[in-house]
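A structural walkthrough
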Amino acid sequence: PPALYLTRYRGSGVGLALCRRLLEEDGRIHLCIACRNAQKSEATRDIILATHPAAQVSTVEVDLGNLASVLRVARELRCRYQRLDFVYLNAGIMPNPHVNFKALWNGLLTGRVLHMLTTAEGIMTQMDRLNGDGLQEVFATNLFGHFILVRQLESLLCGNEKPSRLIWTSSSNARESAFSLSDYQHAKGQESYSSSKYATDLTSVVLNRKFNKQGLYSSVVCPGLVMSNMTYRILPVFLWKLLMPIMWLIRFFAKTYTLTPHNGAEAHVWLFKQKPEYLDALVKYHSCCSGLGKSYVEPRKMDVDEETAEKFYQKLLELEKQSLERYSDLLD
């Protein structure tokens, strides 16, 4: 039977590029697009079919920041399919991002500006808020909703003839300094995006330890700096237009400036072609680009402590138990 791929995305950017590139790799696959906006996902489906008219593309509607929505879509997917071969966990939000220009100037004076521009360390802050489930919105959307979805789909992911794969979109902005076990939802800080992406790295590490023997493998990728809807909200559009020539020049020194969604999906597609048994669970796979625009993948060891990862996983299980008590009617 054809393979099934579930990719959660905003209907543009890396998500759309990933769908197109997967079909270029194997036109027999069955793509299932999961998106918060049903109209946008249908429109994107039409875009994909315009270039791949024979492709099997279906859609589901889900808001990863809403537990009831996650549980409903998990039930729908369990009814539709017998297995999932790949699940691309690509949803992410960065609400109200702000650039700390003072920190950027200090980085310029201290020679750390290139590092700061490639990781956003010290120069990017966000304002978070509670969602309808009483969870921090960034944590809920960027990590916990995905975690609950994976947990609810275990019957489709484990025990199959072929391995199933989870591929999480993380970030070079995933930093241990922004994460705390005592405040893992990042209610007290202003780097919720960085914290949620570090939590993603921790979660992937533990999932491999728990589920590899059942045929489920987890990997983490970084798409690099891609010009997408999320990126354009950081600065006014006219500023980005002024900065773009400089950014193309920076790419000669900063290989993570992938810039285009096609380049940003490089690591996602590369993992599609790999045997998971030979991958390192402690490595993040970065989409990179040479100064002349050639895409490639660079594996880098993640800065994660496995003991911290295990403790965090236990906290996720506790939060899962507490959260799902409210939604017993949506559980089988």
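The structure we're discussing is the one just above.
The present account deals with the structure reproduced in this document. Keep in mind that what you see is a predicted model, and the values were worked out from it rather than measured.

**Some points on the overall build of the protein**
- For the protein, the count of helices and strands is 13 helices and ten strands.
- Per-residue burial over the protein gives 57% buried out of 332 residues.
- Nonlocal contacts in the protein, meaning residues at least 24 apart in sequence, comprise 74% of its contacts between residues at least 6 apart.

**Section: the pairing of strand 4 (residues 86-89)**
- Side chains of strand 4 alternate between two faces, with Phe86 and Tyr88 and Val87 and Leu89 buried alike.
- Where strand 4 lies against strand 7 (residues 164-169), four bridges are found, and the strand directions are parallel. Residue Tyr88 lies in a different strand from strand 7, and its bridge partner there is Ile167.

**A short note on the packing of aromatic side chains**
- Scanning all chains against the criterion turns up ten aromatic pairs.
- Summarising the aromatic geometry, the rings of Phe86 and Tyr88 are spaced 5.9 Å apart at their centres and angled 20 degrees between planes, so their arrangement reads as stacked.
- Taking the relative accessible area as the measure of exposure, Phe86 reaches 8% and is therefore buried.
- A network of ring pairs unites the aromatic residues Phe139, Phe144, Phe147, Phe179, Tyr184, Tyr198, Phe312 and Tyr313 as a single cluster.

**Examining the nonpolar core**
- In this structure, Phe139, Phe144, Leu153, Leu157, Leu166 and Phe312 are the most contacted members of the largest nonpolar core, which totals 54 residues.
- With eight residues, helix 6 (residues 137-152) is the single largest residue contributor to this core.
- Core analysis: the next-biggest nonpolar cluster, separate from the first, contains 27 residues, Ala17, Leu31, Val269 and Leu279 among them.

**Examining unusual backbone geometry**
- The residue His186 is not glycine, and still its phi comes out positive at about 60 degrees.
- Note on placement: His186 falls in the loop between strand 7 and helix 8 (192-211).
- Accessibility expressed as a relative area gives 8% for His186, which makes it buried.
- Of note in this structure, Leu259 is not a glycine but carries a positive phi near 70 degrees.
- Assignment of secondary structure puts Leu259 in the loop between helix 10 (237-250) and helix 11 (261-264).

**So, the packing of helix 3 (residues 67-80) against helix 6**
- Running from amino to carboxyl end, helix 3 crosses helix 6 at an angle of 30 degrees, the nearest separation of the two axes being 9 Å. In terms of axis orientation, helix 3 runs roughly parallel to helix 6. The way helix 3 lies across helix 6 gives a crossing that is right-handed. Note on element contacts: helix 6 touches helix 3 through Phe144, Gly145, Ile148, Leu149 and Gln152, opposite Leu67, Val70, Leu71, Val73, Ala74 and Arg78.
- Its residues assigned to classes, the contact of helix 3 with helix 6 shows eight nonpolar, two polar and one charged.

**Structural notes on the side chain of Ser171**
- Mapped onto the elements, Ser171 comes out in the loop between strand 7 and helix 8.
- By relative accessible area, which is 10% here, Ser171 ends up buried.
- In this view, Ser171 contacts Tyr193, Lys197, Val221, Cys222 and Lys284; residues no more than four positions away in its chain are not counted.

**Overview of helix 8**
- Given a rise of 1.5 Å per residue, 20 residues ought to cover 28 Å, and the 28 Å separating the end C-alpha atoms of helix 8 matches this to within 8%.
- Along helix 8, 18 of the 20 residues are buried, which leaves the element largely enclosed by surrounding structure.

**With respect to the pattern of salt bridges**
- Scanning the entire structure with this criterion turns up 18 salt bridges.
- Note that Glu137 and Arg129 form a salt bridge whose closest N and O atoms lie 3.0 Å from each other.
- For Glu137, a relative accessible area of 18% translates into the label buried.
- Its relative accessible area of 55% is what places Arg129 among the exposed residues.
- Arg300 is the partner of Glu298 in a salt bridge, and the nearest nitrogen-oxygen pair spans 2.7 Å.
- When its relative accessible area of 18% is taken as the criterion, Glu298 is described as buried.
- A cluster of three or more residues bridged by salt bridges with shared partners is formed by Arg209, Lys210, Glu306 and Glu310.

Reading guide: rules and limits
- Starting afresh in each chain, residues are numbered from 1 along the sequence in its written order.
- Totals for whole chains, interfaces and linings use every residue, but because this is a predicted model, local features are given only for residues with pLDDT of at least 70 and side-chain atom pairs only at 80 or more, for both listing and counting.
- With hydrogens and water excluded, all non-hydrogen atoms of the structure serve as input to the side-chain values.
- Only DSSP runs of H or I covering at least 4 residues are called helices, and only runs of E covering at least 2 are called strands; the numbering of each starts at the N terminus.
- Exposure classes here rest on a 1.4 Å probe applied to the protein chains alone. A residue is buried below 20% of its type maximum, exposed above 50%, and partly exposed in between.
- The contact rule is simple, with two residues in contact once any of their heavy atoms fall within 4.5 Å.
- Whether two strands pair depends on DSSP finding at least two bridges between them.
- Working definition: rings of Phe, Tyr and Trp (its six-membered ring) pair if their centres are within 6.5 Å, and the pair is stacked with planes under 30 degrees apart, edge-to-face with planes over 60 apart, and tilted otherwise.
- Only buried residues count toward a nonpolar core. Its members are Ala, Val, Leu, Ile, Met, Phe, Trp, Tyr and Cys residues joined through side-chain atoms within 4.5 Å.
- Note on geometry: axes are lines fitted to C-alpha atoms, helical ones only across the stretch in contact, with angles between N-to-C directions running from 0 to 180 degrees.
- In these notes the angle categories are as follows: under 35 degrees is roughly parallel, over 145 is roughly antiparallel, 65 to 115 is roughly perpendicular, and the rest is oblique.
- In this scheme, a crossing is called left-handed if the near helix is turned counterclockwise away from the far one by less than a right angle; it is called right-handed if the turn is clockwise.
- Under the convention adopted here, Pro, Cys and the residues Ala, Val, Leu, Ile, Met, Phe, Trp and Tyr are nonpolar, Asp, Glu, Lys and Arg are charged, and Gly plus all remaining residues are polar.
- Multiplying 1.5 Å by the residue count of a helix minus one yields the expected span of that helix.
- By salt bridge we mean one thing: a side-chain nitrogen of Lys or Arg within 4 Å of a carboxyl oxygen of Asp or Glu.

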